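What follows is the residue order along each chain.
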Amino acid sequence: VITLRCMVQFIGRETKYSGTLSAFTTIYREEGVLGFFAGLIPRLLGDILSLWLCNMLAYLINTYALENGDPALGWQPRGLKVPFLLPQVSTMAEMKSYSQAVTGFFASMLTYPFVLVSNLMAVNNCGLAGGLLPYAPTYSSWLDCWSQLHREGNMSRGNSLFFRKVPAGKRYVWE
């Protein structure tokens, strides 16, 4: 929470927090202990879902796509037999380690909306310009934030580094 708010403060050229200790005391004074946990529920849900997806997909790939199968069962799945596509991969262990990285990437893409909602809730109505109107609406809960982003088609905003889109009818202020 403190990191995100300090980033928003830097972008908005504000001086609400003068350091880490100042941020701790200001958040505690203005919002209480719960201020340090703003956006925690969507972050936890996203992390749990991402971890589950990553491990499940990696298990399925490692078990059914990269193994030779069990001859006792009479079923032989086709292993990954594309040596011309992956010439530098020499062992099955290397391929399994790559599958974990690839599934982690896909899981993070699928759970990005949870990260987005968590970040928005961490700076929501915190007294910084980036968390208030006209730059950001004020949300009553993380479910309210989720439903508004979904309604506007903004669930994946900021997800891609290269392929950005501006929703129809939106205008952003450049100073």
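Here, the structure is the one placed above.
No experiment lies behind these values; they were computed from the predicted model shown.

Looking at this structure, how should I read the overall build of the chain?
Helix and strand content of the chain: six helices and zero strands. Across the 175 residues of the chain, 28% fall into the buried class. Look at the contacts in the chain between residues 6 or more apart in sequence, and 60% of them connect residues 24 or more apart. Carbon and sulfur atoms form 65% of the exposed surface of the chain, whose accessible area is close to 12,400 Å².

Looking at this model, I keep getting lost on the environment of Leu-40. Mind explaining?
Here Leu-40 lies in helix α3 (residues 40-65). Each C-alpha atom of the pair Leu-40 and Ser-118 lies 6.5 Å from the other, and the pair is 78 residues apart in sequence.

In this structure, what is going on with the side chain of Ser-118? I would like to understand it.
Residue position: Ser-118 is located in helix α5 (residues 112-123). We classify Ser-118 as buried; its relative accessible area is 5%. Discounting chain neighbours no more than four positions away, the residues touching Ser-118 are Gly-39, Pro-42 and Arg-43.

What is the right way to look at the environment of His-150 in this model?
The topology assignment puts His-150 in helix α6 (residues 142-152). Counting along the chain gives 37 residues from His-150 to Pro-113, while the straight-line C-alpha distance between them is 9.4 Å.

Is there a simple way to explain the nonpolar core in this structure?
Most often, soluble globular proteins keep nonpolar side chains buried together rather than apart. Counting residues in each nonpolar core, the largest one holds 10 residues, listed as Tyr-112, Leu-116, Val-117, Leu-120, Met-121, Tyr-139, Trp-142, Cys-145, Leu-149 and Met-155. Secondary-structure elements contributing two or more residues to this core are α5 and α6. Among the elements that make up this core, the one with the highest residue count is α5 (five residues). Counting eight residues, the second largest nonpolar core, distinct from the first, contains Tyr-17, Ala-23, Cys-126 and Leu-128.

The rules we used
- Residues numbered from 1 in each chain as written.
- Predicted model: local features only at pLDDT ≥ 70, side-chain atom pairs only at ≥ 80, totals over all residues.
- Heavy atoms only, no water.
- Helix = DSSP H or I, 4+ residues; strand = E, 2+ residues; numbered from the N terminus.
- Buried < 20%, exposed > 50% of the residue type's maximum accessible area, 1.4 Å probe, protein only.
- Contact = heavy atoms within 4.5 Å.
- Areas by Shrake-Rupley, 256 points an atom, 1.4 Å probe, with all protein chains shown as cover.
- Core = buried A, V, L, I, M, F, W, Y, C linked by side-chain atoms within 4.5 Å.

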